[in-house]
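Single-letter residue listing:
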Amino acid sequence: MKKTILITGGAGFIGSHVVRLFVNKYPDCHIINLDALTYAGNLENLTDLDQSPNYTFVKADIRDAEVIDALFEKYPITGVCHLAAESHVDRSIAEPMAFITTNIIGTVNLLNAARKAWTGNFEGKRFYHISTDEVYGSLGSEGFFVETTSYDPRSPYSASKASSDHLVRAYHHTYGLPIVITNCSNNYGPNQFPEKLIPLAINNIKYMKPIPVYGKGENIRDWLYVVDHARAIDMVFHDGKIGETYNIGGFNEWTNISLIHTLCEIMDRKMNRAPGTSASLITYVKDRAGHDLRYAIDATKIQRELGWEPSLQFAEGLEKTVEWYLDNEEWMTRITTGKYQEYYEGQYVKR
Ligand code: NAD
Ligand code: DAU
């Protein structure tokens, strides 16, 4: 094998798309997927890779420094794509500690292990940290986040991601670790855990359950199809400049309420229901604490320097997404029973 690439969080939503892309596109590279399989990790996302000779899954927790060090001793890892994280804002509001330990300490454990393994020879090595646009805070109705926008995180989740971004940059400036960082907007698509807005809404519409919209539904997010994010990650991992940050976004801003209305129209059509049936499920609920009003990414740097741009229009991406969730009923059913049911009750029913 030419190279050994460690992808963390590869059993999650975005990570599984990145793992699939790398395993199939680089058959001469050994791809190691390290994941703790928390509630959000699901190996069912990757069953198509079970027989791939260049793929290894390792169940491990990035909070365990010894285990991470041992992994770097066992394998000749030359590159890291770090996606493992606690990723849901609402959970970070309810219970912040897991976000501190995984997103901050877990990232430092990986930085330390890479530094130890690579010291004296950074040639051909790369530590790629995948982050979020939420580190920049909240926008008013004007303007965009650029790579030099000051950090202003406002939830425990975004503060933990901001902290990890700072540490990754600090390891570059202090120790010369060859790093690169991307900050991406909201992803959507197949395999997203149904605690997030789009899969949650699709599932609720399917079973004629209320669609919970926080506040007035006027918050704005910039949506990107997950496969396009995975393509960007591939480009930055291979061609991004060491020490640089790239913003990734969909050039695709929607208020939550107009997105939900569009989704309702698609669902009415796919479920052969009378127009307006799904929209009748829209239910305004108590707002998220500290709810950021608007995120919008200026992705011209990655477009200009690496030639990346989104391949899918939102209408097409949403249509494909709905089809995937309707076609993969068992995937959804296995997740939405058991532990997730308890979370759902706590988050929505007893609210
Ligand atoms: P996800 O919650 O779907 O998946 C996270 C994965 O990390 C899961 O497989 C989980 O098991 C694993 N994990 C969690 N804690 C771990 C630990 N301590 N040790 C090892 N593995 C652990 O998240 P996602 O939406 O796929 O996001 C992936 C990354 O991309 C995160 O770093 C997130 O901050 C970032 N990001 C996400 C979005 C988005 O819209 N989802 C946008 C921008 C950036
Ligand atoms: O911007 C990138 C971020 O996008 C990532 O870093 C996070 O990991 C990812 O979870 C996502 O964060 P958001 O908080 O924007 O995504 P979520 O799907 O939770 O919510 C999207 C919007 O919809 C947000 O304004 C809150 C609202 N919402 C969400 C849920 C779950 C509702 O109105 N109702 C809901 O039930």
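Caption draft 1: Here's a closer look at the pattern of salt bridges. Tallied over the full model, the rule gives 20 salt bridges. Between E305 and K241 there is a salt bridge, and its shortest N-O distance comes to 3.8 Å. Residue E305 is found in helix α9 (residues 300-306), and its partner K241 is found in the loop between α7 (226-239) and β10 (245-248); the two are separated by 64 residues along the sequence.

Caption draft 2: View of the sheet that holds strand β11 (residues 253-255). Ordered by their spatial adjacency, three strands build an open sheet running β7-β9-β11, and the pairing between neighbours is mixed. Among the strands making up the open sheet, the edge pair consists of β7 (186-188) and β11. With direction set aside, neighbouring strand axes in the sheet form an average angle of 50°. In this sheet, strand β9 (residues 220-225) lies alongside β7 in parallel orientation, the contact comprising three bridges. Paired with N186 across the bridge in β9 is W223. Sheet contacts for α7: β7 and β9; angle to β9, the most-contacted strand, approximately 70°.

Caption draft 3: Structural view of the environment of I260. Among the secondary structure elements, I260 is positioned in helix α8 (residues 256-270). Using a relative accessible area of 0% as the deciding quantity, one classes I260 as buried. Placed 109 residues apart in sequence, I260 and Y151 show a C-alpha to C-alpha distance of 29 Å.

Caption draft 4: Layout of the sheet that holds β10. Here seven strands make up an open sheet; going across it, the order is β3-β2-β1-β4-β5-β6-β10 and the pairing parallel. The open sheet has two free edges, formed respectively by β3 (55-59) and β10, since each of these has just one partner strand. Going across the sheet, the axis of each strand differs from the next one's by a mean of 20°, ignoring polarity. Across six bridges, strand β5 (residues 126-132) lies against strand β6 (residues 179-184) in parallel orientation. The partner of T132 across the bridge, within β6, is C184. Strands β1 (3-8), β2 (29-35), β3 and β4 (77-82) of the sheet are contacted by helix α2 (residues 65-74), whose axis makes an angle of about 140° with β4. Across the sheet, α7 touches β1, β4, β5, β6 and β10, and the angle it forms with β5 is around 145°.

Caption draft 5: Broad picture of the site of ligand 2. Close contacts around ligand 2 come from 23 residues, with T132, D133, Y157, R288 and Y348 the closest. Within the side chain of Y157, a nitrogen or oxygen atom sits 2.6 Å from an oxygen atom of ligand 2. At a separation of 2.7 Å, an oxygen atom of ligand 2 approaches a polar side-chain atom of H291. If ligand 2 stood free it would expose 690 Å²; the protein chains cover 95% of that surface. With three residues, strand β8 (residues 211-214) is the largest single contributor of residues to the shell around ligand 2. For the shell around ligand 2, a count of residues per class yields nine nonpolar, eight polar and six charged.

Caption draft 6: Seen up close, helix α6 (residues 197-206). Of all ten residues making up α6, nine are buried, and the element is well covered by its neighbours. Residues of α6 that are buried: I198, P199, L200, A201, I202, N203, N204, I205 and K206. M208 occupies a position one or two residues after α6 and carries a positive phi of about 55°.

Caption draft 7: Broad picture of the nonpolar core. Grouped together as the largest cluster of nonpolar side chains are 42 residues, with contacts concentrated most on I7, F22, C81, Y128 and I302. The set of elements that each furnish at least two residues to this core consists of β1, α1 (13-25), β2, β5, β6, α7, β10 and α9. Apart from the residues within four sequence positions on either side, F22 is in contact with I5, I7, I31, C81, D234, F237 and H238. The next biggest cluster of nonpolar side chains, apart from the first, holds 34 residues, and it includes I202, I260, M267 and Y348.

Caption draft 8: Seen up close, the site of ligand 1. Taken together, 29 residues lie around ligand 1, and I14, D35, S87, Y157 and K161 are the ones closest in. Isolated, ligand 1 exposes 840 Å² of accessible area, and the fraction of that covered by the protein chains is 96%. Elements with a contribution of two residues or more to the shell around ligand 1: α1, β5, α5 (156-175) and β7. Counting residues per element, the shell around ligand 1 draws most heavily on β5, at three residues.

Caption draft 9: How the structure looks around α1. The end-to-end C-alpha distance of α1 is 19 Å, a good match for the 18 Å that 13 residues give at a rise of 1.5 Å each. For α1, the set of buried residues is F13, I14, G15, S16, H17, V18, V19, F22 and V23. Structurally, α1 contributes buried residues whose contacts are with β1, β2, β3, β4, β7 and α7.

Caption draft 10: Highlighting the side chain of S16. Mapped onto the fold, S16 is located in helix α1. The residues touching S16, leaving out its near neighbours within four places in the chain, are G10, N45, L46 and N191.

Caption draft 11: Structural view of the packing of α6 against helix α10 (residues 314-327). At a closest axis distance of 10 Å, the pairing of α6 and α10 adopts a crossing angle of 55°. Taken together, the axes of α6 and α10 are oblique relative to one another. The element α6 and its partner α10 pack so that their crossing is right-handed. Taken together, the residues of α10 that come into contact with α6 (itself represented by I198, P199, I202 and K206) are L318, T321, V322, Y325 and L326. Looking at the contact of α6 with α10, its residues break down into seven nonpolar, one polar and one charged.

Criteria and cut-off values
Residues numbered from 1 in each chain as written. Chains lettered and ligands numbered in written order. Predicted model: local features only at pLDDT ≥ 70, side-chain atom pairs only at ≥ 80, totals over all residues. Heavy atoms only, no water. Salt bridge = Lys/Arg side-chain N within 4 Å of Asp/Glu carboxyl O. Helix = DSSP H or I, 4+ residues; strand = E, 2+ residues; numbered from the N terminus. Pairing = 2+ DSSP bridges. Axes fitted to C-alpha atoms, helices over the stretch in contact; angles between N-to-C directions. Contact = heavy atoms within 4.5 Å. Buried < 20%, exposed > 50% of the residue type's maximum accessible area, 1.4 Å probe, protein only. Near = heavy atom within 4 Å. Polar contact = N/O pair within 3.5 Å; in protein donor to acceptor, adjacent residues only side chain to side chain. Areas by Shrake-Rupley, 256 points an atom, 1.4 Å probe, with all protein chains shown as cover. Nonpolar A, V, L, I, M, F, W, Y, C, P; charged D, E, K, R; others polar. Core = buried A, V, L, I, M, F, W, Y, C linked by side-chain atoms within 4.5 Å. Expected span 1.5 Å × (residues − 1). Parallel < 35°, antiparallel > 145°, perpendicular 65-115°, else oblique. Left-handed = near helix turned anticlockwise from the far one by under 90°.

Keep in mind that these numbers describe shape and distance, not what the molecule does.
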